[in-house]
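Residue-level structure breakdown
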Amino acid sequence: MRALTVTPGHANSLRVAEVPDPTPGPRDLLVDGLALGVCGTDKEIARGEYGWAPSGSDHLVLGHESLGRVAQAPAGSRFSPGDLVVGVVRRPDPVPCGACGAGEFDMCRNGRYTERGIKEIHGYGSERWTVAEDYAIRLDGRLTDVGVLMEPTSVVAKAWEQVWRTGRRAWFEPRRVLVTGAGPIGLLAALLGTQYDLDVHVLDRVTSGPKPALVRSLGATYHHDPVDQVMSRLTPDVVIEATGAGSVVIEAMSGTTPYGIVCLTGVSPAGRRMSVDAGAINRELVLENDVVLGSVNANIRHYEQAADALAKADPRWLASLITRRVPLSEAPTAFEDDDDVKVVLTLT
Ligand code: BGC
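In this report, we go over the structure that sits alongside the text. (Residues numbered from 1 in each chain as written. Predicted model: local features only at pLDDT ≥ 70, side-chain atom pairs only at ≥ 80, totals over all residues. Heavy atoms only, no water.)

So, the packing of helix α6 (residues 227-234) against helix α7 (residues 246-254)
Where α6 contacts α7, the axes come no closer than 9 Å and their chain directions differ by 25 degrees. As far as their axial angle goes, α7 and α6 are roughly parallel. With respect to the hand of their crossing, α6 and α7 are arranged in right-handed fashion. Contacts between α6 and α7 involve Val227, Asp228 and Met231 on the former and, on the latter, Val248, Glu251 and Ala252. Of the residues assigned to the contact of α6 with α7, the class counts are four nonpolar, no polar and two charged. (Axes fitted to C-alpha atoms, helices over the stretch in contact; angles between N-to-C directions. Helix = DSSP H or I, 4+ residues; strand = E, 2+ residues; numbered from the N terminus. Parallel < 35°, antiparallel > 145°, perpendicular 65-115°, else oblique. Left-handed = near helix turned anticlockwise from the far one by under 90°. Contact = heavy atoms within 4.5 Å. Nonpolar A, V, L, I, M, F, W, Y, C, P; charged D, E, K, R; others polar.)

What follows is the structure, encoded as structure tokens:
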């Protein structure tokens, strides 16, 4: 079968290669791959800047935003052939640490977790794949066209859960949220914000392309002026930061309302230095009981929350996030930078 492979650490090593068909273990589902989302992490791996091959292998099958249809399930499984499924990305570390031992592998403490298509386990970028049924999530059959958005939605569901849990330290009735960045994570964060009945605002640099209309059709407000101005105009209770851009992160941290919560979800490259007034930022965080928190990955509970959020969303809006579909044979073109929101590889 064909698979999308890379040699981690080597730029320009992305290939569509022939690899052996997977053999399911006793508790594994055998899945026909339908679609694979491409995100910034995949592009970083393709540039040779991130990612680890499984031990004993020189290559990594790429892909963690999965969607497939069960071809074969073990006897007595809660899955049946024909079910629409996604595979969970992360696996607990082998020790395991306390968090992984409690099923919260997204909060792994020792960094020895593994991730499909990213860190030491092959991903879902192949015509067929296997997944342990405990790490498979069934999706509503009506989500065939958009179920590939499940993994980024799980990341966003976790981020929102962290915000709610953090808010409940004290009285918390947020009304307004600012999402910085209108990529897939930002737009899905905005979607969940509208599902919570919040007044949702999204900030991005662009004034053309699909993003402004995608925001407005959610009933949210689109902004493209400088972040400090937007922050002082809106005084949001919550900021979900999805650009990873240092200047946006610092402005978001320094401009919150009292008891503000800033949730950082963007992974930035190291080495971009800027000068900041650390004293002023510290003073404001302390005097306002503000919180800045980082959030990555998702556990099974968040995938279930994401499945509910997708089932509740307007399928036409979800479909319009996918601005390009590329056949596996042309996979490298999906990694070229463009004005797309979400590019998806078709695996069938
Ligand atoms: C994925 C996460 C993963 C993170 C770090 C992101 O792109 O969505 O599941 O934990 O990269 O590897």
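Focus on the environment of Ala71
Structurally, Ala71 is set in strand β5 (residues 65-72). As a C-alpha pair, Ala71 and Asp339 span 268 residues in sequence and 35 Å in three-dimensional space.

Re the site of the ligand
In the vicinity of the ligand, the contacting residues are Cys39, Thr41, Tyr50, His64, Val89, Arg90, Glu115, Ile118, Glu151, Val155, Val296 and Asn297. Interatomic distance of 2.9 Å between a side-chain N/O atom of Tyr50 and an oxygen atom of the ligand. Considered on its own, the ligand offers 310 Å² of accessible surface; in the complex 88% of this is hidden by protein. Tallied by class, the residues present in the shell around the ligand amount to six nonpolar, three polar and three charged. (Near = heavy atom within 4 Å. Polar contact = N/O pair within 3.5 Å; in protein donor to acceptor, adjacent residues only side chain to side chain. Areas by Shrake-Rupley, 256 points an atom, 1.4 Å probe, with all protein chains shown as cover.)

Description of unusual backbone geometry
In this chain, Val95 is followed by Pro96 through a cis amide linkage whose omega measures -20 degrees. By the secondary structure assignment, Pro96 is in the loop between β7 (90-91) and α2 (98-101). Unlike most non-glycine residues, Asn289 shows phi in positive territory, near 55 degrees. Within the fold, Asn289 resides in the loop between α8 (278-287) and β17 (291-294).

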